Amino acid sequence: QVYLADSGGGLVQPGGSLRLSCVASGSTFKITAMGWFRQAPGKQRELVATLTSGGSPNYADSVKGRFTISRDNAKNTVYLQMNSLKPDDTAVYYCNAEGYVITSMVRGSAWGQGTQVTVSS
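The sections below set out a description of the structure shown in this document.

Quick notes on the rules
Residues numbered from 1 in each chain as written. Predicted model: local features only at pLDDT ≥ 70, side-chain atom pairs only at ≥ 80, totals over all residues. Heavy atoms only, no water. Core = buried A, V, L, I, M, F, W, Y, C linked by side-chain atoms within 4.5 Å. Buried < 20%, exposed > 50% of the residue type's maximum accessible area, 1.4 Å probe, protein only. Helix = DSSP H or I, 4+ residues; strand = E, 2+ residues; numbered from the N terminus. Contact = heavy atoms within 4.5 Å. Phe/Tyr/Trp six-rings, centres within 6.5 Å; stacked < 30°, edge-to-face > 60°. Lys NZ or Arg CZ within 6 Å of the ring centre and 35° of its normal. Disulfide = S-S within 2.5 Å.

One finds Leu4, Met34, Trp36, Leu80, Met82 and Tyr93 to be the most contacted residues of the largest nonpolar core, which totals 31 residues. Elements supplying a minimum of two residues to this core: β3 (18-25), β4 (29-39), β5 (46-52), β7 (67-72), β8 (77-82), β9 (91-101) and β11 (115-119). Excluding its chain neighbours within four sequence positions, the residues that come into contact with Tyr93 are Asp6, Leu20, Trp36, Phe37, Arg38, Val48, Phe67, Leu80, Met82, Gly114, Thr115 and Val117.

Encoded structure:
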């Protein structure tokens, strides 16, 4: 099993920046990809950015050029650097991990508890 603790959200003015962090813990789960999703009020959860263990990032079109996902394998941590924030970026941001249980090879996923990002003047 894997546990994810995400943090770093807050209130920021348009054009500002925030960095989200997500720490993964759990020794029986092999993570193959980590990423960030977001859910705004009244909308479905959507992908923001993902990063595979091989290092290939994938971004939603709406955040390309503004957000950067990165990972520190030694700390089991994934980051989301968000620059040039817009009011449309306001949402609860969730960390996600995909992988498999080492002993059984059964695939699974996990979610963080979410962190609120509000972009407003």
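Bringing the packing of aromatic side chains into the picture now. Scanning the model with the defined rule gives one aromatic pair in all. The ring of Tyr94 has Arg45 lying over it, and the distance from NZ or CZ to the ring centre is 3.8 Å. Stacked on the ring of Trp111, the Lys or Arg Arg45 has its end atom at 4.6 Å from the ring centre.

Right, let's talk about the state of the cysteines for a bit. Throughout the structure, instances matching the rule amount to one disulfide. Here Cys22 connects covalently by a disulfide to Cys95, the sulfurs 2.1 Å from one another. Judged by the sign of its S-S torsion, about -80 degrees, the cystine formed by Cys22 and Cys95 is left-handed. Taken together, the residues Cys22 in strand β3 and Cys95 in strand β9 connect sequence positions 73 residues apart. Accessibility classification places Cys22 together with Cys95 in one group, the buried group.

Attention now moves to the environment of Ala24. Along the polypeptide, Ala24 turns up in strand β3. Considering only alpha carbons, one finds Ala24 and Trp111, 87 residues apart in sequence, at a separation of 10.0 Å. The residues touching Ala24, leaving out its near neighbours within four places in the chain, are Val2, Tyr3, Leu4, Ile31, Met34 and Asn76.

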